[in-house]
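Next come the chains, spelled out residue by residue.
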Amino acid sequence: SALTVQLEPWLSATNAAVDPGLGAGSGALAYDVTYGGLVTKSGIMNKAADYGNGQYNDHHFQYGYLIYAIAVACKNNAGICEQHRGAVSDI
């Protein structure tokens, strides 16, 4: 489905950051050990990257959309949850 196609880069950690110059995987989610939260890899390197993602800007709804999209995709295709079990669980 189109939703699965859009989620695949997020779940496989190959998505690019908002700044396309950073390349594939730079927008992947990573655990921030300093503050104990989920941010993009580019956000860890540069707190202002990805619209302030490294500063936890708007996480309350940005990742809510991602979690909702994953839930819808899994309801329609359980295989995506099985394939990306670790990422789905971490998010």
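Just so it is clear, the model here is predicted, and its values are computed rather than measured. Numbers given for residues are sequential positions, taken from 1 along each chain in its written order. Only residues with pLDDT of at least 70 are given local features in this predicted model, and only at 80 or more are side-chain atom pairs given and counted; all residues enter the totals for whole chains, interfaces and linings. Each side-chain value is worked out from all heavy atoms of the structure, with water and hydrogens disregarded.

J.: Explain the confidence of the model for the protein here, please?
T.: Interpretation of this model should avoid reading the predicted coordinates in detail wherever pLDDT is low. Confidence of the predictor in every single residue is expressed as pLDDT, which spans 0 to 100. Here the protein averages 84 in pLDDT, while 89% of its residues score no lower than 70. Of all helices and strands in the protein, the one with the weakest mean pLDDT is helix α3 (residues 49-52) (82), whereas helix α5 (residues 78-83) scores best (91). For the purposes of this entry, the term helix denotes a DSSP run of H or I that reaches at least four residues, the term strand denotes a run of E that reaches at least two, and both are numbered from the N terminus.

J.: What exactly am I supposed to notice about the pattern of salt bridges here?
T.: Pairs may arise between side chains of opposite charge once their charged atoms sit close together. Salt bridges are defined as contacts in which a side-chain nitrogen from Lys or Arg sits within 4 Å of a carboxyl oxygen from Asp or Glu. With the rule as written, the count across this model stands at two salt bridges. Note that Asp32 is salt-bridged to Lys47, the shortest N-O span being 4.0 Å. With Asp32 in strand β1 (residues 29-32) and Lys47 in the loop between α2 (41-45) and α3, this residue pair connects regions lying 15 residues apart in the sequence. Working definition: with a 1.4 Å probe on protein chains only, accessible area under 20% of the residue-type maximum means buried, over 50% means exposed, and in between means partly exposed. The buried category is assigned to Asp32, whose relative accessible area is 4%. The partner of Glu82 in a salt bridge is Arg85, with the nearest N and O atoms 2.5 Å apart.

J.: I keep staring at the packing of aromatic side chains and nothing clicks. Help me out?
T.: Two aromatic rings, taken as a pair, are described by how far apart their centres are and by the angle between their planes. Put simply, two rings from Phe, Tyr or Trp (the six-membered ring, in Trp's case) pair if the centres are within 6.5 Å, and we call them stacked under 30 degrees between planes, edge-to-face over 60, tilted for the rest. Applying the stated criterion across every chain, the model contains one aromatic pair. With centroids separated by 6.3 Å and ring planes inclined at 80°, the aromatic side chains of Tyr35 and Tyr56 adopt a geometry described as edge-to-face. Residue Tyr35 is found in the loop between β1 and β2 (37-40), and its partner Tyr56 is found in the loop between α3 and α4 (59-76); the two are separated by 21 residues along the sequence. Among the residues examined, Tyr35 registers a relative accessible area of 60% and is labelled exposed. Classification of Tyr56 by relative accessible area gives partly exposed; the value is 25%.

J.: Even after reading the chapter, I still don't get the pairing of β1, so can you show me in this structure?
T.: Remark: a regular strand shows side chains that alternate across the two faces of the sheet. At least two bridges found by DSSP between two strands are what make those strands a pair. With four bridges connecting them, β1 and β2 associate as antiparallel partners. When the sheet's bridge partners are listed, Tyr31 is paired in β2 with Leu38.

J.: Would you mind going over α4 with me for this structure?
T.: Each α-helix turn comprises 3.6 residues. Residues three or four places apart therefore point the same way. To estimate how far a helix should extend, the number of its residues minus one is multiplied by 1.5 Å. Its 18 residues place the ends of α4 26 Å apart at the C-alpha level, agreeing with the 26 Å of an ideal helix rising 1.5 Å per residue. Among all positions in α4, only His59, Tyr63, Leu66, Ala69, Ile70, Ala73 and Cys74 are buried. Projected down its long axis, α4 carries its buried residues within an arc of 135°, all on one side. Exposed side chains of α4 directed beyond 90 degrees from the buried face belong to His60, Tyr65, Tyr68, Lys75 and Asn76. The contact definition used throughout considers only heavy atoms, calling two residues in contact when any of these lie within 4.5 Å. Looking at the buried residues of α4, the elements they touch are α1 (2-11), β1, β2, α5 and α6 (85-90). This arc is taken over the directions from the axis of the helix to the C-beta atoms.

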